[in-house]
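# Topology and contacts: notes
Here are the chains, one letter per residue:
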Amino acid sequence: MANHIVLLSLVALSFCYLAFAFEPSPLQDFCVADPTSSARVNGQACKKPMTVQANDFFFSGLHIAGNTSNPVGSRVTPVNVAQIPGLNTLGISMVRIDYAPWGINPPHTHPRASEILTVVEGSLLVGFVTSNPDNRLITKVLQKGDVFVFPVGLVHFQQNVGYGNAVAIAGLNSQNPGVITIANAVFGSNPAIAGDILAKAFQVDKKIVEHIQSKF
């Protein structure tokens with residue numbers, strides 16, 4: 001029995017070690033990103049602390065509505081390490097999303113972050129799809145003040161289901177969450193994925209694939 005307890009303790013410690021190895025706690029007050037550095041690190045190299053200024057932790061403009069005059073009818077305004085260098089290593093970021101009436105934030109994933117979204121104005125249909133083999137669609141209509149969570153890596157989307165503009169604010173648990181928009185990645189890759197591969201994957205004629213690819 002004692003051996004089992006020791007073994008379970010070692011396993012638990014191993015998992016803790018792996019968790020900390022994947023997302024270590026900061027070892028200093030901050031690590032403001034230095035985009036001019038040629039150092040190759042997982043993330044961005046740090047500025048010298050004495051050169052850091054208040055503006056390294058500052059962003060202005062999230063009150064400004066994004067231009068939704070585009071084919072999908074939405075605009076994402078990111079606030080991540082590219083906009084605020086002081087977010088480097090802190091594991092957080094946020095976005096503002098504007099939606100025209102019936103506009104969508106098309107199906108996409110964040111490979112490095114979960115997302116928590118709240119509706120500021122309007123009504124949104126939101127949803128995500130679970131992984132294979134179930135591919136279960138989980139959806140809900142949100143009203144102003146409602147909050148919804150999208151688990152890390154899962155395909156998710158939002159649609160404005162009102163007749164006026166809608167606005168949402170979302171937080172993500174990475175300073176650089178990344179985004180993969182499914183349609184853009186599949187039909188707009190560079191170089192293009194071969195049409196016969198996509199035709200077989202989607203079970204459609206190759207001409208349909210080529211027509212869709214021409215839009216990206």
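Throughout this document, residue positions are counted from 1 along each chain, in the order its sequence is written. Given that the model is predicted, a residue must reach a pLDDT of at least 70 before its local features are reported, and side-chain atom pairs must reach 80 or more before they are shown or counted; all residues, however, enter totals for whole chains, interfaces and linings. Neither water nor hydrogens contribute to the side-chain values; these are computed over all heavy atoms in the structure.

## Topic: the sheet that holds strand S2 (residues 93-99)
Neighbouring strands of a sheet are bound in pairs by backbone hydrogen bonds; such pairs are parallel or else antiparallel. Between any two strands, pairing holds if DSSP finds at least two bridges. The secondary structure listing takes helices from DSSP runs of H or I that are at least 4 residues long and strands from runs of E that are at least 2 residues long, numbered from the N terminus. In spatial order, the strands read S1-S2-S9-S4-S7; together these five strands make up an open sheet with antiparallel pairing. Edge positions in the sheet fall to strand S1 (74-79) and strand S7 (147-150), since each of these pairs with one other strand and no more. Averaged over all adjacent pairs, the angle separating strand axes in this sheet is 20°, with direction ignored. Here S2 pairs with strand S9 (residues 166-172) via seven bridges, running antiparallel. Looking across to S9, one finds that Ile97 is bridged to Ala168. An axis is simply a line fitted to the C-alpha atoms; with a helix, the fit covers only the stretch in contact. Between two such axes, the angle follows the N-to-C directions and lies from 0 to 180 degrees.

## A look at the pattern of salt bridges
Each reported salt bridge corresponds to a side-chain nitrogen of Lys or Arg within 4 Å of a carboxyl oxygen of Asp or Glu. Within the structure shown, the criterion is met by three salt bridges. Notably, a salt bridge pairs Arg96 with Asp98, separated by 2.8 Å at the nearest N-O pair. Note on Arg96: relative accessible area 10%, which makes it buried. The cut-offs for exposure are 20% and 50% of the maximum accessible area for each residue type, with area from a 1.4 Å probe on protein chains only; residues under the lower value are buried, those over the upper are exposed, and the others partly exposed. The exposure class of Asp98 is buried, given its relative accessible area of 5%. Across the salt bridge formed by Glu121 and Lys144, the nearest N and O atoms sit 3.4 Å from each other. Of the two residues, Glu121 sits in strand S4 (residues 115-121) while Lys144 sits in the loop between strand S6 (137-142) and S7, which places them 23 residues apart along the sequence.

## Examining unusual backbone geometry
Each neighbour pair has its own omega, and for Asn132 with Pro133 the value is 5°, a cis peptide bond. Mapped onto the elements, Pro133 comes out in the loop between strand S5 (124-129) and S6. With an omega dihedral of 0°, the bond running from Asn190 to Pro191 counts as a cis peptide bond. Topologically, Pro191 is positioned in the loop between helix H2 (182-187) and helix H3 (195-202). Even without glycine at this site, Thr89 takes up a positive phi of about 75°. With respect to the secondary-structure elements, Thr89 resides in the loop between S1 and S2. A positive phi angle is found at Gln203, which is not glycine, with a value near 55°. Structurally, Gln203 can be placed in the loop between H3 and helix H4 (206-213).

## Quick word on the layout of surface pockets
To locate leftover empty space, one rolls a probe as large as a water molecule over the atoms. Put simply, the grid is 1 Å and covers the protein atoms alone, a cavity is a trapped set of points that fit a 1.4 Å probe, a pocket is an open set with protein on both sides within 12 Å along at least five of seven lines, and lining residues have an atom within 4 Å of a point. Grid points are joined across faces, edges and corners, and a volume is the space filled by probe spheres set on the points. By volume, the second largest pocket amounts to about 580 Å³. What lines the second largest pocket is a set of 26 residues, and nearest its centre among them are Val76, Asn105, Pro106, Val179 and Thr181. Those elements giving two or more residues to the lining of the second largest pocket turn out to be S1, S2, strand S3 (104-109) and H2. Here the element with the most residues in the lining of the second largest pocket is S1; it accounts for five residues. Gly is put with the polar residues, along with every residue not named as nonpolar or charged; the nonpolar set is Ala, Val, Leu, Ile, Met, Phe, Trp, Tyr, Cys and Pro, and the charged set is Asp, Glu, Lys and Arg. For the lining of the second largest pocket, the residue count by class is 14 nonpolar, ten polar and two charged.

## Observations regarding the sheet that holds S5
The strand order across the open sheet built from five strands is S6-S5-S8-S3-S10, with neighbouring strands paired in antiparallel fashion. The sheet is open, and its two borders are formed by S6 and strand S10 (180-181), each paired with just one other strand. Pairing of S3 with S10 involves two bridges; the strand directions are antiparallel. Residue His108 lies in a different strand from S10, and its bridge partner there is Thr181.

## Overview of the UniProt feature "binding site: oxalate" (unreviewed entry) in the protein
UniProt positions are given in the numbering used here, feature names are shortened, and annotations may be inferred rather than shown by experiment. Mapped onto the present numbering, the UniProt feature "binding site: oxalate" (unreviewed entry) falls at Asn105, His110 and Glu115. Of the annotated set named above, Asn105, His110 and Glu115 line the second largest pocket. Following the sequence through the fold, Asn105 ends up in strand S3. The contact definition used throughout considers only heavy atoms, calling two residues in contact when any of these lie within 4.5 Å. Setting aside anything within four residues of it in sequence, one finds Asn105 in contact with Ser74, Val76, Ile97, Tyr99, Phe157 and Gln158. Position of His110 among the secondary structure elements: in the loop between S3 and S4.

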